[in-house]
2 protein chains.
Amino acid sequence: MKIYGKRIEKAQALMREQGMIGIMVMTRDDYQYFFGETRVQPRAIIPAFGEPVFICFKAEEDEIRSALGGAEVKFFGHVGEQMFSVTKTFKTLIERANHEPGFSPDVKPKVGMQMWFQTPAFLVDLFRKLNPQVQLVPSDPVMDELRMVKDPEEIEKIRQSQKIAALGMDRLKELLEPGKTGHELATEITYTMMKAGSSGTSTPIHINSGIRSCWIHGKADHEEIKDGDLVVVDLTPKFQGYCANLARTFVVGEPEPQQLKLIETYFEINKATREALIPGVTVGRLDRIGRGICTEKGLKEYHLNGISHGIGLRFEETPASTILPNHRTIKIKEDMVMTIGHTILAIPGYGGVRFEDVYLVTPDGGEILVDYPLDYEF
Amino acid sequence: MKIYGKRIEKAQALMREQGMIGIMVMTRDDYQYFFGETRVQPRAIIPAFGEPVFICFKAEEDEIRSALGGAEVKFFGHVGEQMFSVTKTFKTLIERANHEPGFSPDVKPKVGMQMWFQTPAFLVDLFRKLNPQVQLVPSDPVMDELRMVKDPEEIEKIRQSQKIAALGMDRLKELLEPGKTGHELATEITYTMMKAGSSGTSTPIHINSGIRSCWIHGKADHEEIKDGDLVVVDLTPKFQGYCANLARTFVVGEPEPQQLKLIETYFEINKATREALIPGVTVGRLDRIGRGICTEKGLKEYHLNGISHGIGLRFEETPASTILPNHRTIKIKEDMVMTIGHTILAIPGYGGVRFEDVYLVTPDGGEILVDYPLDYEF
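The structure presented is a predicted model; accordingly, all values stated were derived computationally and were not measured. (Residues numbered from 1 in each chain as written. Chains lettered and ligands numbered in written order. Predicted model: local features only at pLDDT ≥ 70, side-chain atom pairs only at ≥ 80, totals over all residues. Heavy atoms only, no water.)

## What about the overall build of chain A?
When helices and strands are counted, chain A shows 10 helices and 17 strands. Oriented by its inertia axes, the alpha-carbon framework of chain A measures out at about 70 × 40 × 35 Å. Counting only residues that meet the buried cut, chain A has 62% of its 378 residues in that class. A separation of at least 24 residues holds for 67% of the contacts in chain A among residues at least 6 apart in sequence. Treating the 45 positive side-chain charges of chain A as one cloud and the 53 negative ones as another, the clouds have centres 5 Å apart. (Helix = DSSP H or I, 4+ residues; strand = E, 2+ residues; numbered from the N terminus. Buried < 20%, exposed > 50% of the residue type's maximum accessible area, 1.4 Å probe, protein only. Contact = heavy atoms within 4.5 Å. Lys, Arg positive; Asp, Glu negative; His and termini not counted. Charge placed at Lys NZ, Arg CZ, Asp CG, Glu CD.)

This is how it looks when you write it as structure tokens:
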């Protein structure tokens, strides 16, 4: 439990720097990060001063007390009570903060909340309506500082997760052939990865063939894979909460020169990006390297920004410039874990390719977590 | 395609009634509802007047044109362009609406957006920032009217999905025994359901045993199931976008009197609710029936509101009173599809039970879509 206490202390120091009176935890990733255990739809408040407060369904009382030790837990019987509990807790936190240096009763105090994909829009609006005395802000300035750099245990879990993705890709390679559907393949891959310990995937299994290899996001449906198709496969299993990301593109049958050109260009982009992935670089800089290579090859107009993103308890973590363009200027640090190969290099109406792996940032460039083969012919 | 055109027309009439100039489609369920096809992170605008506008990644251009026919499609190369496209479209829509009766240039026009679990909070805030000329409101007043009542094709898809859930539950019953973990069981159930056509589940597979049978939300982890445990299993596969919901509770070994009492009470609640599920009733009324039975049995304090909710392209659809308490007063109509058995009846520190099925609302009460056995002994 030591590591969790330290994370909370660090978060509290950052909250005070940012003038936040607390962070409202609404997502599983933040909850696991701070308390080391998982539950669905957890709700907790980490104040800038004092101990965390948990807000839980009353039937979970005994169980959550035994999981969390002597924590302060408030219980609700229905959703109205839950909201009331949150509002009451923040009133107490405002009073407490008003006695602390740096906080003033004249300024609407800030409360941080994660605003990424897992935070439902209506809960944010409801929070604002019920807590007009506070100013809701993204918790990123606190959480990014903590979560961008990974500790050894986190890196190991991401590596284990990536190993599971590799087992899934092995299974795909055993089964891929014309006439199979994405759904049939996804069924077998899911089974392989769950047997190896994956709790599921953080995005739908992406098996896009033919013209749909151009898609940024993927699915695995009932369309048959055909001879000559480009097939983009992207696997994102989770292991103990930590995400993996392994993408490969296959050509079913003999590759055409145009297909080969896309593939070889992607290899070059990945290689150059990997070497450049050193502390101090920005994702914007990595994109410029990629764009340079595409320009040389006459593929400039098919280049999309966002070649690399952070990964951890969330599938796409800061820096995530395809979601938040201002992340292009964030400086990468040692011990961050990043993907290389995020965007599709795609010619509209023809097809696209993606090769993606996960790397640890070292002073010498990206250290690949699992060195999975780059073969593409089928 | 006929049905989709009609849905759009109905939505447009409702938008005009509500004074909305358009709906911003951000979720897969709304997208499938209006256009009959699926894609990940779709973005489309349905205006109150005129044709829908699609905003897509440029590499998907050919593919999306062939999927949608002669639709108006705008393409973006990066996220900034995408946002610009949205803002520009709404400016045009405002100008168009200003010439229509019921819309005034002096009033900030309304734009509807789904605000449920799949709408990321940050995108809502970003939309508000970039489109200060409009007032963002929940699209529920339009979408609920359309989506609450299901057409025969939708009912059939939910029934197919529920049949897949039944296959998953059969598999669970074959495998359930002390020493197994929730994760092991979930692995086999997932495989069975995907082989039967499920694209995945809409919530994590819920296999909560022992004291965790009290949880509202579930997971399937590495804790072993023990003799004497209550085991709550809740399966939510999706088939062609439509959700199922089948929950059963099992006692591993000989049931204790207290366990039997919880189970029998739940059976009584479900039976009474099923009979009461007729047009004109409210979910609030169904809850009162449940509370009455719990009170008779001395279990009043363990009763939680929210015995029934809508189901369709979303796992929990309107009325969904455990999410939005004001849904308790919505009047149920014929041909709505509802679950019965949503909440856990749980004694803190002891255990909980849930038995849940999916019903079609008829004038005579709920018609069960798949009549799955209610056995509980193992």
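## Concerning the packing of aromatic side chains
Taken as a whole and judged by the stated rule, the model has 29 aromatic pairs over all chains. Residues F267 of chain A and Y376 of chain A carry aromatic rings whose centres are separated by 6.2 Å and whose planes lie at 55 degrees to one another, so their mutual orientation is tilted. With F267 of chain A in helix α9 (residues 257–276) and Y376 of chain A in the segment after β17 (365–368), the pair connects residues that are 109 residues apart, well separated along the chain. Seen from their ring centres, Y31 of chain B and F54 of chain B are 6.2 Å apart, and the 85 degrees between their planes marks the pair as edge-to-face. Note that Y31 of chain B is positioned in helix α2 (residues 28–35) and F54 of chain B in strand β3 (residues 53–57), a separation of 23 residues in sequence. (Phe/Tyr/Trp six-rings, centres within 6.5 Å; stacked < 30°, edge-to-face > 60°.)

## Overview of helix α5 (residues 121–130) of chain A
In an α-helix, one turn spans 3.6 residues, which is why side chains three or four residues apart end up on the same side. Turning to α5 of chain A, its buried residues number three or more, namely A121, F122, L123, V124 and F127 of chain A. Along its buried surface, α5 of chain A packs onto β1 (20–25), α4 (79–97), β5 (110–113) and β6 (135–138) of chain A together with α5 (121–130) of chain B.

## Overview of the interface of chain B and chain A
Facing 53 residues of chain B, the contacting portion of chain A comprises 53 residues. Between chain B and chain A the total buried area reaches about 4900 Å² when both faces are included, carbon and sulfur atoms providing 66% of it. Inspection of the chain B/chain A interface yields two salt bridges. R128 of chain B is the salt-bridge partner of D125 of chain A, the closest N and O atoms lying 2.9 Å from each other. (Buried area = accessible area lost by both parts, 1.4 Å probe. Salt bridge = Lys/Arg side-chain N within 4 Å of Asp/Glu carboxyl O.)

## Some details on the pattern of salt bridges
Taken as a whole and judged by the stated rule, the model has 52 salt bridges over all chains. R171 of chain B serves as the salt-bridge partner of E188 of chain B, at 3.6 Å between the closest nitrogen and oxygen. Here the residue E188 of chain B occupies a position in helix α8 (residues 182–195), and R171 of chain B occupies one in helix α7 (residues 152–175), the gap between them amounting to 17 residues. Take R171 of chain B: its relative accessible area is 23%, and that puts it in the partly exposed class. If you follow the salt bridges from partner to partner, you end up with D29, D30, R147, K150, R314 and E317 of chain A in one network.

## A word on the domain arrangement of chain A
Residues and elements named next belong to chain A. As far as domains go, chain A holds domain 1 (2–147) and domain 2 (152–368). Placing the centre of domain 1 and that of domain 2 at their C-alpha centroids yields a distance of 34 Å. Counting residues at the interface gives 11 residues for domain 1, matched by 14 residues for domain 2. Where domain 1 abuts domain 2, roughly 1100 Å² becomes buried across the two surfaces, and 50% of that area is made up of carbon and sulfur atoms. A per-residue breakdown of the area domain 1 buries against domain 2 is headed by Q32, W116 and R147, which together make up 49% of the total. Between E145 and K333 there is a salt bridge, with its nearest N and O atoms 3.2 Å apart. Linking domain 1 to domain 2 there are six residue pairs in polar contact (both at pLDDT 80 or more). At the level of secondary structure, the elements contributing two or more residues to the side of domain 1 that touches domain 2 comprise α2 (28–35) and α6 (140–147). Per-element accounting of the side of domain 1 that touches domain 2 gives the leading share, four residues, to α6. Classifying every residue of the side of domain 1 that touches domain 2 gives three nonpolar, two polar and six charged. (Domains from an automatic or database assignment. Polar contact = N/O pair within 3.5 Å; in protein donor to acceptor, adjacent residues only side chain to side chain. Nonpolar A, V, L, I, M, F, W, Y, C, P; charged D, E, K, R; others polar.)

## Some thoughts on the sheet that holds strand β4 (residues 72–76) of chain A
Residue and element names in this part refer to chain A. Taken together, the six strands give an open sheet; going across it, the order is β4-β3-β2-β1-β5-β6, and neighbouring strands pair in mixed fashion. Every other strand in the sheet has two partners, leaving β4 and β6 as the edge strands with one partner each. Within the sheet, the average angular offset between the axes of one strand and its neighbour, ignoring direction, is 25 degrees. Pairing between strand β2 (residues 44–47) and strand β3 (residues 53–57): two bridges, direction antiparallel. When the bridges of β3 are listed, I45 appears paired with V53. (Pairing = 2+ DSSP bridges. Axes fitted to C-alpha atoms, helices over the stretch in contact; angles between N-to-C directions.)

## Quick look at the sheet that holds strand β16 (residues 357–362) of chain A
Residue and element names in this part refer to chain A. Strand order in the open sheet formed by three strands is β13-β16-β17, and the pairing between neighbours is antiparallel. Only two strands of the sheet have a single neighbouring strand rather than two, namely β13 (337–340) and β17. Between one strand axis and the next, the sheet turns through 50 degrees on average, direction left out of account. Where β16 lies against β17, four bridges are found, and the strand directions are antiparallel. Counted as the bridge partner of L360 is E367 from β17. Helix-sheet contacts for α9 involve β13, β16 and β17, and the interaxial angle to β17 is about 110 degrees.

## Let's talk about the relation of the copies chain B and chain A
Of the transformation placing chain B onto chain A, the axial shift is 0.0 Å and the rotation is 180 degrees, giving an RMSD of 0.0 Å. Both copies are brought into coincidence by an operation consistent with a two-fold rotation axis. Of every C-alpha in chain B, the one belonging to A121 of chain B sits nearest the axis of rotation, 2.1 Å from it. Of the interface residues in chain B, 100% have counterparts in chain A that sit at the interface too, so the contact is made through matching surfaces. (Least-squares fit on C-alpha atoms with pLDDT ≥ 70 in both.)

## Considering the packing of helix α8 (residues 182–195) of chain A against α8 of chain B
Where α8 of chain A contacts α8 of chain B, the two axes come as close as 9 Å, and the packing angle between them is 175 degrees. Accordingly, the angle class assigned to the pair α8 of chain A and α8 of chain B is roughly antiparallel. Across from H183, A186, T187, E188, T190, Y191, M194 and K195 of chain A in α8 of chain A, the residues of α8 of chain B making contact are H183, A186, T187, E188, T190, Y191, M194 and K195 of chain B. Of the residues in the contact of α8 of chain A with α8 of chain B, the class split is six nonpolar, six polar and four charged. (Parallel < 35°, antiparallel > 145°, perpendicular 65-115°, else oblique.)

## Points about the pairing of β6 of chain A
Residues and elements named next belong to chain A. Here β5 runs beside β6; their pairing, made up of four bridges, is parallel. Bridging across to β6, K110 finds its partner in Q135. Once you follow β5 into α5 and on to β6, the crossover reads as right-handed. (Right-handed = clockwise from strand over helix to strand, strands pointing away.)

## Some points on a positive patch on the surface
Residues and elements named next belong to chain B. A surface patch of positive charge is lined by R285, R288, R291 and K300. Of note, R285 is situated in helix α10 (residues 283–296). Judged by relative accessible area, R285 falls into the partly exposed class, the value being 41%. (Patch = residues over 30% accessible without salt bridge, like charges linked within 9 Å, V, L, I, M, F, W, Y side chains within 5 Å. Areas by Shrake-Rupley, 256 points an atom, 1.4 Å probe, with all protein chains shown as cover.)

## A closer look at the environment of G102 of chain A
Residue and element names in this part refer to chain A. Inspection of the secondary structure assignment puts G102 in the loop between α4 and β5. Residue classification places G102 among the exposed residues on the basis of a relative accessible area of 79%. Residues G102 and Q18, spaced 84 residues apart in sequence, show a C-alpha to C-alpha distance of 9.6 Å.

## Here we look at the packing of α2 of chain A against α6 of chain A
In helix packing, the relevant descriptors are the interaxial angle and the interaxial distance, both defined with respect to the helix axes. Residues and elements named next belong to chain A. One can describe the packing of α2 onto α6 by two numbers: an axis separation of 13 Å at closest approach and a directional angle of 55 degrees. With respect to their mutual orientation, α2 and α6 come out oblique. In this structure, α2 crosses over α6, and the sense of that crossing is left-handed. Each of D29, D30, Y33 and F34 in α2 lies in contact with α6, whose residues at this interface are M143, L146 and R147. When the residues that make up the contact of α2 with α6 are grouped by side-chain class, the tally is four nonpolar, no polar and three charged. (Left-handed = near helix turned anticlockwise from the far one by under 90°.)

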